[in-house]
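Fold and geometry: a report
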Amino acid sequence: MTDNTSQAPEEPINNRSARLLVARAGALPWWAFLLALLFVYAFIRISTSEEYQDILDALIDRPSATTSDKFDVVYEVDTEVQVIQEALTLRQPDGTRVNIDIDDVEGREEGRLACDRQADPDCVDQFGQIVTYRVPAGDGDTPVGTAEKRGVLAPEGGLFTIVNFPNGSSIIIDPNNITSREEGTLLCNHVLQPGCQDLTGEIVTFELPYVLKQGLLLREDAVIRHPDGYVETVRPNRLSDVETQECTREEIETCFGGEYTTAIFRERVVGTEVTSDGENIKVRTVNEQTVFIPRERIINLESGLVECDRNANPRCQDFQGTIVAREGAVTSGELSLETNRSVSIIPEGQTTSVEIPKANLIQDEEVRSPENCRVEDEGACFITVKEKDSVVAGRIIKDTDEGITVQTVAPVFVELDPDEAESTRRAPLGCALNNIRGCNAGIWLTLLVTFVAYGLALMIGLVVGLMRVSSNPVIYHLSTFYVELIRGTPLLVLLLFFAFVIGPTIRDMKPINLGLFEFSLSGFYAILNDIEVAVLGEESFLSEAVLGLAIGYGAFLAEVFRAGIQSVGRGQMEAARSLGMSYPQAMRHVILPQAIRVVLPPLGNDFIALLKDSALITVLALPDLLQLGRLYITRTFQPIPVYLMVSLLYVLLTLLLSMMVRYIEKRFKLP
Amino acid sequence: MTDPIIMIQDVHKFFNTSRGKFHALKGVSLQIMPGEVVTVIGPSGSGKSTLLRCINRLETIDRGSITVDGIPLSGAKNINKVRAEVGMVFQSFNLFPHKTALENLMLAQRVVRKRGRDEAVEKARGLLKKVGIHDKESSYPSQLSGGQQQRVAIARALAMDPKIMLFDEPTSALDPEMIKEVLDVMLELAKEGMTMVVVSHEMGFARAAADRIIIMDEGYIVEENVPDELFENPKSERTKAFLSKIIKH
């Protein structure tokens, strides 16, 4: 509408539609012209400036016309894995960190860790989960108990009795504490420590006096090994059915210390389906690392077998790819940092430095000015270095006039039995016209969050609004409590509260036994998580953000609905009841249809307000319109055009939505 | 001898007001036979509207008992069933403004009586014709005159096939020239043998149609009699004073 009105006066007024346009334009208020002028200016700026076009492109999730990468397949499989280690990282009162084995944990509780004021008068007490753990008692400590341990006695030869452990550590013990001796071999955990060696000799079982210490829990890890040999670190709460059995190396190859611990791990395999032979499906899960090679640096390009490092990842596979020989790059600029291993150079005309390993450099071709200058010298030290020619092996994923992009890391393949998959779904990839589901960032996420949160808020508002006019005191006070509590909390606080308090609480909730059935909200959390992955392709605070906005606005909408219901005359309810309708029937057929017509304008207002408040989800690192703008600024240091564009898009959205709201109001208007 | 269709025995009603309790009905007893047309008159604040609203429990009573069609209201489990048998017409019409005249008549038929769409439409059209506004069936209440609205309201109550009709001052919100069209419909209804309880100051209607007139004042029934007798020969001083006032006008 805006462009038309501003151009209207220039057109010849000889046809009907133009005259109508002028008449319409004449009826518009003065600020509409100002707004139109602003839009025309913005339109011209955007259409002529590449910078603005790029910002706009970034804010609408860089859509393309078509894409062949439409989605990733996501399988969820329950795999039986071997638990190799469970360890906790704790912060000690003096601020240092310590890793302890789960076997050494004595107890856990929520509480305060008093810090060592004598060592540091300015230190601050820490709150969180306090873990009490055992440490071997040293000289002068009064032991609080003893723990039984096994180790191999070191050859005699000194004043002390030394016991070695397969993990490489050793300890001095009191010979009186030894309870039994036998000849044998203690196996070391070569999965966790590839270089370790089994210990053979006299195995002693001894009692180790210990003292208790306390630390603040920082993180908790479990190292697991998949049946195919793949080792990864996960959170212990993702493991279920943990079981420990005694074992021997003859039975199970990976039997360490006579124990074998298994657990069920819910694995999420995300990738592209490549082959399927009926029984097994192979999924390529790319952990991309790409290298861009300018065309002028390509010496040779040939296809060949790209070998993968199976030691680094047992799941990788060799594949037929491209082997690119490239000429070493010449970099010149100001030296910013030099270590034994690498040099960092700020190339001319740039602001950030690049780090180049010294191993890659041809030493003879290094030129410095002033000669042999160093970073520590006064004044700038300019340096020109040439890298050695090198070979990049991988898959060419992009080929343009400027150069090629090679994906170097071999794709990881996971073979799955589809029958074992607990759930299968598709996660969206790039945003394109033929893959609208992939458009999930920027303006699209803002719209998605606004519409979904508003839909939920309408439902909450309607239910609570009805509760607010109830004659039942329990229902009335319950709803009033909700409204007053939520309305009195800033929306930003509410969002943070949902993301960092309610979300984790629900996630870690243990099932509450209610006699006949178990009750737990963690299943609900898992469902929300699945939705997040389906929408954004990864776990995020999306559902917390939507729920926070919905519950926050639900309180406002509840008041709107209450006012609307109360605005309908008492006679309407009496008339409906006198005809024999029940209270719910009268509400549904007589009161609500009238109340909703009354509250349409305030509902529309709140809708637009919600659209604007959706920008708050930026604090939860969700890639909405504002967040993409902020990310763009961190890359380009151009706040002015980006914030102009972000504001313009919000104004445009609200204008469109207010037109929609006005249309709906018109549709439902009574004669 | 048939049983009375409405039995009101020693009914007391209090209203909570900011200045304490207001005693609106002070032991009212009344029996209405099937097919009887009863007109209740009295000065404002005398409790006549309250009495009427108690008959379909829009107001609850504090003491005494009301039995409608053999069902005691105080213990009625399903008051909605009783209400469906008792039609009510309000002073301010209370038509549903978001529905057309036809839809106003259809709603309760569909929702309460669970009638099919075609049956409800047929019934509604027949009743609109009976009250003489069949040409306005797709008009909204705001597009109708007061008299037309009140006739739709009467038709709406009749659509439920009630055994009793209650009229709460049906003509007092109308312009004088519209009163007649509403009264005509009511007279027609009375002739058909409908049990009617009418709170009204329309003496013409009372004379023409009522079997009995009841005079109320300050929560009591002051006098009840057949119309001619009551108008010609009022017994109590209170009735005389009241009648002299309204007949003067």
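Note: the structure precedes this text.
In short, a report on the structure. Everything numeric in this text was worked out from a predicted model, so none of it was measured.

This paragraph deals with the overall build of chain B. From N to C terminus, chain B includes nine helices and 10 strands. For chain B, contacts bridging at least 24 residues in sequence account for 66% of all contacts bridging at least 6.

Here the focus is the sheet that holds strand E2 (residues 20–32) of chain B. Residue and element names in this part refer to chain B. The strand order across the open sheet formed by four strands is E2-E1-E4-E5, and the pairing between neighbours is antiparallel. Of all strands in the sheet, those bounded by a partner on one side alone are E2 and strand E5 (71–72). In this sheet, E2 lies alongside strand E1 (residues 6–17) in antiparallel orientation, the contact comprising 10 bridges. When the sheet's bridge partners are listed, Ile8 is paired in E2 with Leu30. Along the sheet face, helix H1 (residues 48–55) touches E1, E2 and strand E4 (63–68) and points at about 65 degrees away from the line of E2.

All right, on to the interface of chain B and chain A then. A common way to express how large an interface is: the accessible area buried when the components associate. Taken residue by residue, the interface counts 26 residues in chain B and 20 residues in chain A. When chain B packs against chain A, the two sides together hide about 1900 Å² of surface, and 62% of this comes from carbon and sulfur. Inspection of the region where chain B meets chain A yields one salt bridge. In this structure, Arg53 of chain B engages Glu574 of chain A in a salt bridge whose closest nitrogen and oxygen atoms are separated by 2.4 Å.

Attention now goes to the packing of helix H5 (residues 146–158) of chain B against helix H6 (residues 176–191) of chain B. Residues and elements named next belong to chain B. Interaxial distance between H5 and H6 falls to 8 Å at its minimum, and their mutual angle equals 20 degrees. With respect to H6, the element H5 is oriented roughly parallel. Both H5 and H6 take part in a crossing whose hand is right-handed. Within the contact between the two elements, H5 uses Gly146, Gly147, Gln148, Gln150, Arg151, Ile154 and Leu158 and H6 uses Met178, Glu181, Val182, Val185, Met186 and Leu189. The residue makeup of the contact of H5 with H6, split by class, is seven nonpolar, four polar and two charged.

This part takes up the sheet that holds strand E9 (residues 212–217) of chain B. All names here are of chain B. Pairing within the open sheet is mixed, and its six strands lie in the order E6-E7-E8-E3-E9-E10. In this open sheet, the two strands that pair with only one neighbour each are strand E6 (86–89) and strand E10 (220–225). For this sheet, the mean angle separating the axes of adjacent strands, direction not counted, is 20 degrees. Bridge analysis of strand E3 (residues 37–41) against E9 gives four bridges, and the strand direction is parallel. Bridge pairing links Ile41 to Ile215 in E9. Together, E6 and strand E7 (164–168) form the strand contacts of H5, whose direction differs from that of E6 by roughly 170 degrees. Lying on the sheet, H6 is in contact with E3, E7 and strand E8 (195–199); it crosses E8 at an angle near 145 degrees.

So, on to the packing of aromatic side chains. All names here are of chain A. For the structure shown, the criterion picks out five aromatic pairs over all chains. Where Phe500 meets Phe541, the ring centres are 5.1 Å apart and the plane angle is 70 degrees; that geometry is what we call edge-to-face. With Phe500 in helix H7 (residues 491–507) and Phe541 in the loop between helix H8 (522–536) and helix H9 (542–567), this residue pair connects regions lying 41 residues apart in the sequence. For Phe541, a relative accessible area of 26% translates into the label partly exposed. Residues Tyr553 and Phe556 carry aromatic rings whose centres are separated by 5.6 Å and whose planes lie at 55 degrees to one another, so their mutual orientation is tilted. With Tyr553 and Phe556 both in helix H9 and three residues apart, this pair spans about one turn of that helix.

Basis of the calculations
- Residues numbered from 1 in each chain as written.
- Chains lettered and ligands numbered in written order.
- Predicted model: local features only at pLDDT ≥ 70, side-chain atom pairs only at ≥ 80, totals over all residues.
- Heavy atoms only, no water.
- Helix = DSSP H or I, 4+ residues; strand = E, 2+ residues; numbered from the N terminus.
- Contact = heavy atoms within 4.5 Å.
- Pairing = 2+ DSSP bridges.
- Axes fitted to C-alpha atoms, helices over the stretch in contact; angles between N-to-C directions.
- Buried area = accessible area lost by both parts, 1.4 Å probe.
- Salt bridge = Lys/Arg side-chain N within 4 Å of Asp/Glu carboxyl O.
- Parallel < 35°, antiparallel > 145°, perpendicular 65-115°, else oblique.
- Left-handed = near helix turned anticlockwise from the far one by under 90°.
- Nonpolar A, V, L, I, M, F, W, Y, C, P; charged D, E, K, R; others polar.
- Phe/Tyr/Trp six-rings, centres within 6.5 Å; stacked < 30°, edge-to-face > 60°.
- Buried < 20%, exposed > 50% of the residue type's maximum accessible area, 1.4 Å probe, protein only.

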